[in-house]
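Summary of the model geometry
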Amino acid sequence: MRTPALAPPVGDRRGITLVEVIVAVGIITVGLSALLAAVPFASYGTREGYQLSTATFLANERLEQVRNARWESEPRPVDELGVSPAPTSAPKSGAATTFADEAALPAPYGDYARAVRIIDCGGGGGCSGIAKADLRQVTITVTYRPMTGVGGAGIAKAAAVTTLIAKR
């Protein structure tokens with residue numbers, strides 16, 4: 001008498017079925033499509049970081065120019081720094097504008113705009129709680145339009161650098 005056939009041992013591999021291949025392809029497809037969907041957002045984050053770093057660099061560059069402007073009381077008074085007559089106005093010394101607003105910077109920074117505002121700390125409420133006649137607060141703001149997650153320009157963003165400058 002014959003004994004019925006038993007199930008093949010675990011080590012016996014005869015291959016995979018078509019159903020298993022289709023399920024595996026489906027899982028891999030879902031995983032790859034999720035990965036590809038994340039690529040534009042990763043690109044957006046990298047581009048946003050680059051633009052913010054560039055804006056900060058441009059603000060610091062202008063800040064160095066402002067720091068090098070002469071504002072002295074001796075031996076004779078000199079004011080190449082100036083003061084902004086209003087929060088939306090470029091600084092002036094006498095009738096001359098000292099640091100004009102730049103609506104578009106030269107290439108390769110044409111997508112950036114830069115503005116300088118200088119407040120006299122001796123008048124009004126002072127500067128950040130400091131009221132001193134020989135002190136001015138300088139704020140440089142660089143604006144840019146970041147790329148959105150789906151491409152194109154988004155709402156304008158800004159990087160601002162602020163410091164205090166004393167009369168020499």
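Residues numbered from 1 in each chain as written. Predicted model: local features only at pLDDT ≥ 70, side-chain atom pairs only at ≥ 80, totals over all residues. Heavy atoms only, no water.

**Observations concerning the overall build of the protein**
- Secondary structure summary: the protein contains one helix and seven strands in total.
- Pairs at least 24 apart in sequence give 54% of the contacts found in the protein among residues at least 6 apart.
- Accessible surface, the protein: about 11200 Å² in total, of which carbon and sulfur atoms supply 63%. (Helix = DSSP H or I, 4+ residues; strand = E, 2+ residues; numbered from the N terminus. Contact = heavy atoms within 4.5 Å. Areas by Shrake-Rupley, 256 points an atom, 1.4 Å probe, with all protein chains shown as cover.)

**Thoughts on the side chain of Glu48**
- Looking at the secondary structure, you find Glu48 in helix 1 (residues 18-67).
- Filtering out sequence-adjacent residues up to four positions away, Glu48 remains in contact with Tyr144, Pro146 and Lys157.

**Quick notes on the pattern of salt bridges**
- Counted according to the given criterion, the structure contains eight salt bridges.
- For Arg67, the salt bridge goes to Glu64, with nearest N and O atoms at 2.8 Å. Placement of both Arg67 and Glu64 in helix 1 is noted, with a separation of three residues, approximately one turn of the helix.
- The shortest N-O distance in the salt bridge between Arg114 and Glu102 comes to 2.7 Å. Within this pair, whereas Arg114 is found in strand 5 (residues 112-120), its partner Glu102 is found in the loop between strand 4 (96-97) and strand 5, the two being separated by 12 residues in sequence. (Salt bridge = Lys/Arg side-chain N within 4 Å of Asp/Glu carboxyl O.)

**Some points on empty space enclosed by the protein**
- Throughout the structure, instances matching the rule amount to one cavity of 30 Å³ or more.
- At the level of secondary structure, the elements contributing two or more residues to the lining of the largest cavity comprise helix 1 and strand 7 (157-166).
- Grouping the constituent residues of the lining of the largest cavity by class yields six nonpolar, no polar and two charged. (1 Å grid on protein atoms, 1.4 Å probe; cavity = no way out; pocket = protein on both sides within 12 Å on 5 of 7 lines; lining within 4 Å. Points joined across faces, edges and corners; volume = space filled by probe spheres on them. Nonpolar A, V, L, I, M, F, W, Y, C, P; charged D, E, K, R; others polar.)

**Focus on the state of the cysteines**
- Using the criterion set out here, one finds one disulfide in the structure.
- In this model, Cys121 is linked to Cys127 through a disulfide, with the two sulfur atoms separated by 2.0 Å. Since a negative S-S torsion denotes a left-handed disulfide, the Cys121-Cys127 link at about -110° is left-handed. Like Cys121, the residue Cys127 is buried in the burial classification. (Disulfide = S-S within 2.5 Å. Buried < 20%, exposed > 50% of the residue type's maximum accessible area, 1.4 Å probe, protein only.)

**A word on a nonpolar patch on the surface**
- Taken together, the side chains of Ile16, Leu18, Val21, Ile22 and Val25 present a nonpolar region at the surface, about 500 Å² in accessible area.
- Its location among the elements puts Ile22 in helix 1. (Patch = residues over 30% accessible without salt bridge, like charges linked within 9 Å, V, L, I, M, F, W, Y side chains within 5 Å.)

**Some points on the side chain of Gln137**
- Residue placement: Gln137 occurs in strand 6 (residues 135-144).
- If sequence neighbours within four positions are ignored, Gln137 has contacts with Arg117, Ile118, Ile119, Cys121, Cys127, Ser128, Thr162, Thr163 and Leu164.

**Some thoughts on the sheet that holds strand 5**
- Sheet architecture is open: three strands sit in the order 5-6-7, paired in antiparallel fashion. Each end of this open sheet is capped by a strand with a single partner; those strands are strand 5 and strand 7. On average, adjacent strands in this sheet sit at an angle of 15° to one another, irrespective of strand direction.
- Pairing geometry for strand 5 and strand 6, over nine bridges, is antiparallel. Directly across from Arg117, in strand 6, lies its bridge partner Thr139. (Pairing = 2+ DSSP bridges. Axes fitted to C-alpha atoms, helices over the stretch in contact; angles between N-to-C directions.)

**A look at the environment of Phe57**
- Looking at the element boundaries, Phe57 is found in helix 1.
- What makes Phe57 partly exposed here is its relative accessible area of 45%.

**A look at the packing of aromatic side chains**
- On inspection of all chains with the given rule, the structure shows two aromatic pairs.
- Plain terms: the ring middles of Tyr109 and Tyr112 are 6.4 Å apart, the flat faces sit at 70° to each other, and that makes the pair edge-to-face.
- Of the residues examined, Tyr109 reaches a relative accessible area of 27% and is grouped as partly exposed.
- Seen in terms of ring centroids, Tyr112 and Tyr144 are 5.9 Å apart; in terms of plane orientation they differ by 45°. Their pairing is tilted. With Tyr112 in strand 5 and Tyr144 in strand 6, this residue pair connects regions lying 32 residues apart in the sequence.
- For Tyr112, a relative accessible area of 5% corresponds to the buried category. (Phe/Tyr/Trp six-rings, centres within 6.5 Å; stacked < 30°, edge-to-face > 60°.)

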